[in-house]
Amino acid sequence: MTRSDLIEVLARSQTQLSYKDIELAVKSLIDQMSGALASGNRIEIRGFGSFSLHHRPSRIGRNPKTGESVSLEGKYVPHFKPGKMLRDQVNNSVKQ
Amino acid sequence: MTLTKADMADRLFDDVGLNKRESKELVEAFFGEVRTALGRGEVVKLSGFGNFNLRDKKQRPGRNPKTGEEIPISARRVVTFHAGQKLKARVERYTGDD
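Small disclaimer: the values here were computed from a predicted structure and weren't measured.

**Q** Which residues make up the overall build of chain B, and what are the values?
**A** Within chain B, the secondary structure is distributed over three helices and six strands. N-terminal to C-terminal, the α/β element order of chain B is β-α-α-β-β-β-β-β-α. Scaling as 2.2 N^0.38, a compact globule of 98 residues should have a C-alpha radius of gyration of about 13 Å, whereas chain B reaches 19 Å, well beyond that. With respect to the three principal axes, the spread of C-alpha positions in chain B is 55 × 35 × 30 Å. A total of 98 residues make up chain B; the buried ones form 34% of that total. Sequence-distant contacts, at least 24 apart, represent 28% of the contacts inside chain B between residues at least 6 apart.

Right under this line is the structure:
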């Protein structure tokens, strides 16, 4: 399912809203989530999961072409932990 | 600070002009549809954010950490998230200062 498939599905279930509004709303939700993580905040969605940042410490890397050492600064990477409801729904679908 | 479904619905009310009830329903439906798709075994790709993938894990040996007793961890399907380039780049710029 892609972002545009998701907009289609939502437009079919939320019939009181215009397609344009659904598009704007999906854009807003994705922007809000990216913005929260970009400013170091967590996202907690009950029944779905939580997003947080994990720190990667600085390290000495190598340029794979030249073999030259380069120092890489520490950075943050996004991390997702699925919630119980999502874990169960995904796992139960296999068992049936 | 933590972003929640209530915060997200408030922003839909402010930014998109949906009413409070529509905002709340749309936020629920958004996550509900992603979960349903994953439950059907479909990978979800949200451009500008990232991909939710599915991995099938084989049964493997495990242990009850309390008792030390060996119990197999059953075969299962799990969700993994891979942030897209755009999100990764934005998060990398976060320095941890604020």
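**Q** Summarise the overall build of chain A; cite the residues concerned and give the values.
**A** Helix and strand content of chain A: three helices and five strands. Whereas a compact globule of 96 residues would reach a radius of gyration of roughly 12 Å, chain A reaches 19 Å, over 25% beyond that. Looking at chain A as a whole, 39% of its 96 residues are labelled buried. Relative to all contacts within chain A whose residues are 6 or more apart in sequence, the contacts with residues 24 or more apart total 31%. Within chain A, the 9 negative side-chain charges are centred at a point lying 9 Å from the centre of the 15 positive side-chain charges.

**Q** Help me get a handle on the pattern of salt bridges, residues and values and all.
**A** By the definition in use, this model includes eleven salt bridges over all chains. Here Glu44 of chain A ties to Arg42 of chain A by a salt bridge, and the two come within 3.0 Å at their closest N and O atoms. A relative accessible area of 37% means that Glu44 of chain A is categorised as partly exposed. Ionic pairing is found between Glu28 of chain B and Lys5 of chain B, a salt bridge with its closest N-O pair at 3.2 Å. With Glu28 of chain B in helix 2 (residues 20-39) and Lys5 of chain B in helix 1 (residues 5-15), this residue pair connects regions lying 23 residues apart in the sequence. Under the relative-accessibility criterion, Lys5 of chain B is labelled partly exposed at 21%.

**Q** Can you tell me about the side chain of Asn91 of chain A, naming the residues and giving the values?
**A** Take Asn91 of chain A: it is sitting in helix 3 (residues 84-95). Residues contacting Asn91 of chain A, with those up to four places away along its chain left out, are Ala75, Arg76 and Arg77 of chain B.

**Q** A description of the environment of Ile43 of chain A should follow, citing residues and the corresponding values.
**A** Note that Ile43 of chain A resides in strand 1 (residues 42-45). The exposure class of Ile43 of chain A is buried, given its relative accessible area of 0%. For the pair Ile43 of chain A and Phe80 of chain A, spaced 37 residues apart in sequence, the C-alpha to C-alpha distance is 9.3 Å. Other than its neighbours up to four places away in sequence, Ile43 of chain A contacts Met33, Ala36, Leu37, Gly49, Ser50 and Phe51 of chain A together with Thr2 and Leu3 of chain B.

**Q** Now, about the sheet that holds strand 2 (residues 44-46) of chain B: what can you tell me, with residues and values included?
**A** Residues and elements named next belong to chain B. Spatial ordering of the open sheet is given by 2-3-6, a layout of three strands whose pairing is antiparallel. The open sheet has two edge strands with one neighbour each: strand 2 and strand 6 (76-83). Taking the axes of each pair of neighbouring strands and ignoring which way they run, one obtains an average angle of 25° across the sheet. As paired strands, strand 3 (residues 50-57) and strand 6 are joined by eight bridges and run antiparallel to one another. Directly across from Leu54, in strand 6, lies its bridge partner Val79.

**Q** Kindly report on the interface of chain B and chain A, identifying the contributing residues and their values.
**A** Taken together, the contact pairs 51 residues of chain B with 50 residues of chain A. Counting the contacts that link chain B with chain A gives one salt bridge. Glu92 of chain B is paired through a salt bridge with Lys75 of chain A; the nearest N and O atoms lie 3.6 Å apart. Joining chain B to chain A, the criterion identifies twelve residue pairs in polar contact (both at pLDDT 80 or more). Of all elements in the fold, only strand 1 (2-3), helix 1, helix 2, strand 2, strand 3, strand 6 and helix 3 (85-92) of chain B reach the threshold of two or more residues within the side of chain B that touches chain A. Per-element tally for the side of chain B that touches chain A: the top contributor is helix 2 of chain B, with 14 residues. Per-class residue counts for the side of chain B that touches chain A are 28 nonpolar, eight polar and 15 charged. Judged from the two bridges that link them, strand 1 of chain A and strand 1 of chain B form a sheet pairing that is parallel. Bridged to Arg42 of chain A within strand 1 of chain B is Thr2 of chain B.

Conventions we followed
- Residues numbered from 1 in each chain as written.
- Chains lettered and ligands numbered in written order.
- Predicted model: local features only at pLDDT ≥ 70, side-chain atom pairs only at ≥ 80, totals over all residues.
- Heavy atoms only, no water.
- Helix = DSSP H or I, 4+ residues; strand = E, 2+ residues; numbered from the N terminus.
- Rg over C-alpha atoms; globule rule 2.2 N^0.38 Å.
- Buried < 20%, exposed > 50% of the residue type's maximum accessible area, 1.4 Å probe, protein only.
- Contact = heavy atoms within 4.5 Å.
- Lys, Arg positive; Asp, Glu negative; His and termini not counted.
- Charge placed at Lys NZ, Arg CZ, Asp CG, Glu CD.
- Salt bridge = Lys/Arg side-chain N within 4 Å of Asp/Glu carboxyl O.
- Pairing = 2+ DSSP bridges.
- Axes fitted to C-alpha atoms, helices over the stretch in contact; angles between N-to-C directions.
- Polar contact = N/O pair within 3.5 Å; in protein donor to acceptor, adjacent residues only side chain to side chain.
- Nonpolar A, V, L, I, M, F, W, Y, C, P; charged D, E, K, R; others polar.

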